[in-house]
Amino acid sequence: MSSMLEHTIDATGRPARLRTAWDAAWNRGEVDALDAVLSPGYVRRRGPAGTAQNRAGFKESISAVRAAFPDLHTEIEDLVEDGDRLAIRWRSTGRHTDTFLGVPPTGRPVEVSGATFARFDGDTVTEESVTFDSRQLLEALGIITTAHEAAVDPDLVKGVHRKFITGVTVVTTDDGGTPKGLAVNAFSSISLDPPMVLVCVQRSSSTHPALHRATHIGINILAADQLDVAKVFASKGTDKFAALDWAPGEHGAPLLDGSAAQLEVEIGERLEAGSHTVFTGRVVSARHDDRAPLVYSGGGFFDISQTAPLPW
């Protein structure tokens, strides 16, 4: 279950025409409305490497979803347009009243959220990539269950995670001239050639919409003497940058003075996973110095410059 598009600007513009066509197709089942906004050579994939689906196949899949969920409703939670590309966060809801994916009707309400990324050629969409948490759908339909997982105490899992030592980052972006950011310890390198990293951000975060709209983000790895900065960005304050020294990087992302290291990252993919969005991207600028990093473990912060390395 996936959807696009919604926009509130010029009613004769490209986003508005797409909104009209997708509302007709997904919410009313009028799939031929898509012919006005999808190119004849349109291609749709589940993720960049997914199996391709043409325009006719896409229309058939919408009809199949609506047959199983006749009250299907799609809602656009956020949208950003950048040149010939469009990124959308969406949410679909409906009640399962007919066979779907081989599953007889369950009568269950189903909710799936995800993101769609479209590329235009002129006024028509030539290709799309969609990502959503398929486990969320399969669990709602009863195809898979979490009975075996329920036996694992969430507090026990949390305790395991608290044994894992991480650094502390502040992930930032420029949101239409306003700096936004939050503290994140779910940061990792993906590869060095090409240089790619990822960060995971909870969708309920007030900063999440700004990150989703962004083309570039900054990743500031905090130094051991920046505990006060970590506390600022772990809070729900409205202007976290007001009392801090920072400057925009080469690609516009806010970079915090005094950080042990800094990256600017061009976002490549936004992947929906449980309650979080995984942002992956390519490093486009980097710097670091000899400052010791701030370390987080077991709910506390540490200065590792006060420890001795183990011989090995």
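Data block above holds the structure.
Described in the following lines is the structure provided in the data block. Only a predicted model underlies this, so the values are computations on that prediction, with no experimental measurement involved.

With that settled, consider the sheet that holds strand E4 (residues 109-121). Overall, mixed pairing links the five strands, which are arranged E1-E5-E4-E3-E2 in an open sheet. Pairing within the sheet leaves two strands with one partner each, and these edge strands are strand E1 (38-46) and strand E2 (73-82). The mean angle between the axes of side-by-side strands here comes to 20°, regardless of whether they run parallel or antiparallel. Of the strand pairs in this sheet, E4 and strand E5 (residues 124-132) are connected by eight bridges, and their pairing is antiparallel. Each bridged residue has a counterpart across the sheet, and for arginine 119 the counterpart in E5 is glutamate 127. Along the sheet face, helix H2 (residues 55-68) touches E1, strand E3 (85-95) and E5 and points at about 60° away from the line of E1.

To continue, consider the nonpolar core. Membership of the largest hydrophobic core comes to 32 residues, with the highest contact counts inside it found for Trp22, Leu34, Leu38, Phe58 and Phe69. Where this core is concerned, the elements lending two or more residues are helix H1 (14-28), E1, H2, E2, E3, E4, E5 and helix H3 (134-141). The element best represented in this core is H1, accounting for five residues. Here phenylalanine 58 is in contact with Trp22, Trp26, Leu34, Leu38, Tyr42, Arg44, Gln53 and Glu128, once residues within four sequence places are set aside. Counting 15 residues, the second-largest nonpolar core is a separate cluster that includes Val199, Ile217, Leu263 and Val283.

Glancing now at the pattern of salt bridges. The final tally for this structure, using the stated rule, is 13 salt bridges. Measuring nitrogen to oxygen at the nearest pair gives 3.5 Å for the salt bridge that ties arginine 55 to aspartate 35. Here aspartate 35 lies in the loop between H1 and E1 and arginine 55 lies in helix H2, a separation of 20 residues in the sequence. When salt bridges with common partners are traced through the structure, they connect Asp32, Asp35, Arg55 and Lys59 into a single cluster.

Thresholds applied
Residues numbered from 1 in each chain as written. Predicted model: local features only at pLDDT ≥ 70, side-chain atom pairs only at ≥ 80, totals over all residues. Heavy atoms only, no water. Pairing = 2+ DSSP bridges. Helix = DSSP H or I, 4+ residues; strand = E, 2+ residues; numbered from the N terminus. Axes fitted to C-alpha atoms, helices over the stretch in contact; angles between N-to-C directions. Contact = heavy atoms within 4.5 Å. Core = buried A, V, L, I, M, F, W, Y, C linked by side-chain atoms within 4.5 Å. Buried < 20%, exposed > 50% of the residue type's maximum accessible area, 1.4 Å probe, protein only. Salt bridge = Lys/Arg side-chain N within 4 Å of Asp/Glu carboxyl O.

Fair warning: the whole summary comes from geometry, so function is off the table for now.
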